[in-house]
Amino acid sequence: MAVIVLGFLIAGAAGGVAYFFPVLRAAVIQTGHSGDLSTTPNPSAVNNPAGNPALGSTGSPFTVLLLGSDDDEKFDKNHVLTQSMILVRIVPQSNQVTMLSIPRDLWVPLAGGGSGKIDAAYSNGGAKMAIATVQRNFKVHVDEYVWIGLKGLIRLIDRLGGVDLITSNPVLDDFYPNDIDSPDPYATQRIAVLAGPQHLDGTHALQYVRSRHSDLRGDFGRSQRQQQVLIALRAKASRVSPADLPDVAAAFQGELQTSMSLPRIRQVLPLATHLTIESVKQQVLLPPYTSGGKVGDQDVILANWSEILPLVRQTFPAS
Amino acid sequence: MVAFGFGVYFGLASFKSKAAQRAGSKPVTKARTLVPVPGVVFMAQGGALYRLENGQFSEIKPGPGDWTQPTSVPQGGLIAVSRQLHFSDLYLLDGSGHPVRQLTKNQTNTVETNHWAFYPNLSPDGKTLFYSYDPKDLSNTFRVDLAVWSMPLQGTQAQGRRRTTPSPYTGGDVQPLPLSSGAVIYTKYGIDDAGHSQSQIWLQAHAGAIGQALTEPADDCSAPALSRDGTRLAMVCTNGRQTSSLQVAPFDGQRLGPREVLVEGQLAAMPAWAPDGLSLLYTAPGGSNGRFQLWLVQAPRSTASPSPQAAVSPSGNPTPMAARQARLVTNDLDLDATSAPLWMAPAGS
């Protein structure tokens, strides 16, 4: 009898492992550690049998550095710049999220030595260097990071079924990079993402968040659009169940790296359900926090740290 | 035991949410409407136009490109946009959707010298075509802003004239709505001092006139649609948020009256008036696949008049109309939400 029960347990476990294999594989490849797929109930759910939506009440607040890179053929795969850097503070107890976009051209001392645009930190030393540079300059502690490439973002959005959002203005660009699956990574194309409520697939969502040539605000406008898409993705993520994770993980094919463990991801997913748009605070470092300038022959963004650091301190704990 | 293992595998798979599944809408022509819609409605989905009449959909695919933004021609037929990779053109179509004439020629051999043409709309007399077009700025090649242009329907694009001057690097002026007075209502995009993009409904009294705002920047209104009798303007306003409200205001040809909220809390887009002015169609997510569907809502009768003092429509707290229940018209479409439905009276009426 015991042998039969054991056999069923093994068969069931094998079925479960087979189902979640893509997640385990992605976890090992993308984070360097294996995932914990135990089905232990969330302590907050145990302590909250009434199903109070204050989910994750036992989870501590944490800070994630989101990194997005142009990783097309123009670049050495191991030395890509970060086109997008967003510090995200997640407070599960109050279901609050703050997003702070860091301009990619911000001129800062780099953790590896010397000074440069902050987008070079990841190129010089990967996520470790990017995190160290952000921590040193913004005086914050970063708990986790997520890096995603161009195709990764397209695949993520497509795998989630696209995003519904209100695009803030017509985004038109006559020199948009035509560098994804293109024989010439330096080729350009014209894009026109029209304004208003609409459904965007991954390719068009990427166009919306990546274009910057015809925006008065340059990179700042792009940062605002990136935050809009992240909020729209939140709505999609709220409909994702753990059973979806194999499909989502399989979609990335190396286009996503993260330090987040699967338990942490499981903690974040339900948060998306209870998060309201009003509880997402968006910050972009427009003047007076920054100003345009020149270093040598480079156009850069100069930080006004006496304004930035008090703003950052309101939300992000010191390192 | 092996079967049990497979059972666990497929059992787990059954918990997949629809969010992570690739959406597959069934062909529009197989779709059915949930509520009857009188008259004829044209809409766009997946690069084709569709005609809805008597509850039946029929596809119109006049030629290569993605077809969108149909508008009516008083003499009969349609004008629609054909969009390709680097350019888009306007076409005059006959009543069956066959191309009669290419109205613009925006394709060139160099990628960045192509042009866009969007949002066609004819003047009430059917003689002048208004549209959004991106003129080139030779001194700033990165600048691409749409402006409102007009050209004689029976003329050529070379006779086209720019009607508005867009704010630079904002996306520009779109969705022209010509009036019988020669004025044109349109949506103007701008960027405020805090760096936020905003849209306003503007009115230009005549060609060459300086435009005037009909709504406040912070209201973030767009997609103007005028009732057939010209007394009410429908629009979509977002107040800078990621939800929109469908609003209607009385209009006297120059000013808007107090706005009334018909629908709130959806991603409502692109309203279109019923030919009799009693209701509105718009697009918003819904139905079985969560994609953009057609919705129907009753329209308020015109009661208030525009304030003679205020040039800009009173904003802040438009009157909510919670009693107006929007009804889902389609259930499993995936409509192009940047293309307003075109709602026409049945032929011969």
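Residues numbered from 1 in each chain as written. Chains lettered and ligands numbered in written order. Predicted model: local features only at pLDDT ≥ 70, side-chain atom pairs only at ≥ 80, totals over all residues. Heavy atoms only, no water.

## Structural notes on the sheet that holds strand β9 (residues 128–133) of chain B
Working definition: the strands of a sheet are paired by backbone hydrogen bonds and lie parallel or antiparallel to each other.
So, step 1. Pairing within the open sheet is antiparallel, and its 4 strands lie in the order β8-β9-β10-β11 (chain B). Looking at which strands have only one partner, the edges of the open sheet turn out to be β8 (117–122) and β11 (161–162) of chain B. (Pairing = 2+ DSSP bridges. Helix = DSSP H or I, 4+ residues; strand = E, 2+ residues; numbered from the N terminus.)

## Topic: the pairing of strand β2 (residues 48–53) of chain B
Successive side chains on a regular strand alternate, one facing one side of the sheet and the next facing the other.
Residues and elements named next belong to chain B.
So, step 1. Pairing of strand β1 (residues 40–45) with β2, which is carried by 6 bridges, proceeds in the antiparallel orientation. Bridge pairing in β2 places M43 opposite Y50.
So, step 2. Linking two consecutive strands that pair antiparallel, namely β1 and β2, is a turn of 2 residues; a positive phi of about 55° is found at G46 within it.
So, step 3. In this structure, β2 lies alongside strand β3 (residues 56–60), joined through 5 bridges in antiparallel fashion. In the sheet register, L49 faces β3, and the bridge partner there is I60.
So, step 4. Where β2 folds back onto β3 in an antiparallel hairpin, the turn is made up of 2 residues, including N54, whose phi is positive at roughly 55°.

## Digging into the packing of helix α5 (residues 202–210) of chain A against helix α6 (residues 219–237) of chain A
Residue and element names in this part refer to chain A.
So, step 1. Direction vectors running N to C along α5 and α6 enclose 145°, while the axes themselves pass 7 Å from each other. Taken together, the residues of α6 that come into contact with α5 (itself represented by Y208, V209 and R210) are R222, R225, Q226, Q228 and V229.
So, step 2. For the contact of α5 with α6, the per-class residue count stands at 3 nonpolar, 2 polar and 3 charged. (Axes fitted to C-alpha atoms, helices over the stretch in contact; angles between N-to-C directions. Contact = heavy atoms within 4.5 Å. Nonpolar A, V, L, I, M, F, W, Y, C, P; charged D, E, K, R; others polar.)

## Some remarks on the sheet that holds strand β12 (residues 173–178) of chain B
Residues and elements named next belong to chain B.
So, step 1. Across the sheet, which stays open at both edges, the 4 strands sit in the order β12-β13-β14-β15 with antiparallel pairing between neighbours. If you trace the sheet from one side to the other, it starts and ends with β12 and β15 (212–213), each paired once.
So, step 2. With 2 bridges connecting them, strand β14 (residues 197–204) and β15 associate as antiparallel partners. The partner of L203 across the bridge, within β15, is Q212.

No statement about biological role is implied by the geometric values presented.
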